Amino acid sequence: MENAEVQSIHVHPVKAFRGQAPREAEVEPWGLAGDRRWTLIDDGGKVVTQREQPRLALAAAELLPGGGVRLSAPGHAPLTVPVPEPAGTVPVSVFGTKVEAVPAAAAAHAWCSAYLRTDVRLVHMDDPATRRPVDPEYALPGETVSFADGYPLLVATTASLDALNSLMAEGTQAQEGPLPMNRFRPNVVVAGTEAWAEDHWSRISVGDVVFRVAKASGRCVVTTVDQDTAVRGREPLRTLARHRKVGARLIFGQNLVPLSTGTIRVGDPVRVLE
């Protein structure tokens, strides 16, 4: 893997919204700086994602200095949302895990509800160092995560995507491919590896930052949502079910937990440490 390097970096300030692709990003213990610190919740406090609302693929969130976000979506004037004052929290359910978060201003709730045509609220994770632990089955003591599905970062490789698209082309749903990497919403995309090389990583470095590979990423229906149209299809889950099924999970990419902090950049070398 002498030529492996970071091809792109992706930060999603609001969970399930379209994100940004900066040339560099700060790695914090709970993920990339600004990544998934915000999320939508329904009237019962449950996180709302593209699983329930595929139209979120068309809404964008730009991270602003200080941690606020600028929201935009088709047919709606952009809205700037500052980080709320930590005056009080509300309970949030993230796939069954209870987390406390701070509600945004009423204007943000109204904007997001109008776009989705259903009542939702926008909330912010004020203290990712303490709010939500990583799944204890795969965590080391003290590891925490933002509103990401389960782990601080997700890494995927271009070679594995190429291999998956080749498998799709051989199948009955070939008309749905090839798929772009944004279907998988990774934080770090690595070029220059063999296909599926990431299955065998335990610890890697990206530039000077070291990561622990916690587990393979089990994929869900979000991967079937075209991120440019919000239309849902059947791929890649159909092909993953035939070729990348481990137990009950369909896997693509690997979940990472930082073992150190620092800055990662596009072009940084990626090395397998074990």
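Residues numbered from 1 in each chain as written. Predicted model: local features only at pLDDT ≥ 70, side-chain atom pairs only at ≥ 80, totals over all residues. Heavy atoms only, no water.

**With respect to the sheet that holds strand β18 (residues 262-265)**
Note the cut-off: Strand pairing is assigned whenever DSSP identifies at least 2 bridges connecting the two strands. Each helix is a run of DSSP H or I of at least 4 residues and each strand a run of E of at least 2, with the numbering of both proceeding from the N terminus.
With respect to topology, 3 strands assemble into an open sheet ordered β3-β2-β18, the strand pairing being antiparallel. Each having just a single partner strand, β3 (31-32) and β18 make up the two edges of the open sheet. Judged from the 2 bridges that link them, strand β2 (residues 24-28) and β3 form a sheet pairing that is antiparallel. If you follow Glu28 over to β3, its bridge partner there is Gly31.

**Digging into the pattern of salt bridges**
The criterion, for reference: Basic side-chain nitrogens of Lys or Arg form a salt bridge, by our definition, when they fall within 4 Å of a carboxyl oxygen of Asp or Glu. When a residue's accessible area, from a 1.4 Å probe over protein chains only, is under 20% of the maximum for its type it is buried; when over 50% it is exposed; and in between it is partly exposed.
Under the definition given, this model contains 9 salt bridges. Two residues, Glu24 and Arg265, come together in a salt bridge whose shortest N-O distance is 3.2 Å. Placement of Glu24 in strand β2 and of Arg265 in strand β18 is noted, with a sequence separation of 241 residues between them. Judged by its relative accessible area of 44%, Glu24 falls in the partly exposed class. Asp149 serves as the salt-bridge partner of Arg51, at 2.9 Å between the closest nitrogen and oxygen. Of this pair, Arg51 sits in the loop between β5 (47-48) and β6 (60-63) while Asp149 sits in the loop between β11 (121-124) and β12 (153-157), and the two are 98 residues apart along the sequence. Classification of Arg51 by relative accessible area gives partly exposed; the value is 23%. Each of the salt bridges in this network shares a partner with another, and the network as a whole consists of Lys15, Arg51 and Asp149.

**Observations concerning the side chain of His12**
Test applied: By the convention used here, residues are in contact when the closest approach between their heavy atoms is within 4.5 Å.
Note that His12 resides in the loop between β1 (5-9) and β2. Ignoring any residue separated from it by four or fewer positions in sequence, one finds His12 in contact with Phe17, Arg18, Gly19, Gly34, Asp35, Arg36, Arg185 and Pro186.

**Quick word on the nonpolar core**
This is how it is decided: Put simply, buried Ala, Val, Leu, Ile, Met, Phe, Trp, Tyr and Cys residues joined by side-chain atoms within 4.5 Å make one nonpolar core.
Residues Val14, Phe17, Leu40, Leu71, Val81 and Leu122 are the most contacted members of the largest nonpolar core, which totals 22 residues. At the level of elements, β4 (38-41), β7 (69-73), β8 (76-81) and α1 (106-116) are the ones that each hand at least two residues to this core. No other element matches α1, which puts 5 residues into this core. Among all residues touching Leu71, those that are not within four sequence positions of it are Val14, Phe17, Ala60, Ala61, Pro78, Leu79, Val81, Trp111, Cys112 and Leu122. Counting 21 residues, the second largest nonpolar core, distinct from the first, contains Val27, Leu32, Val190 and Val206.

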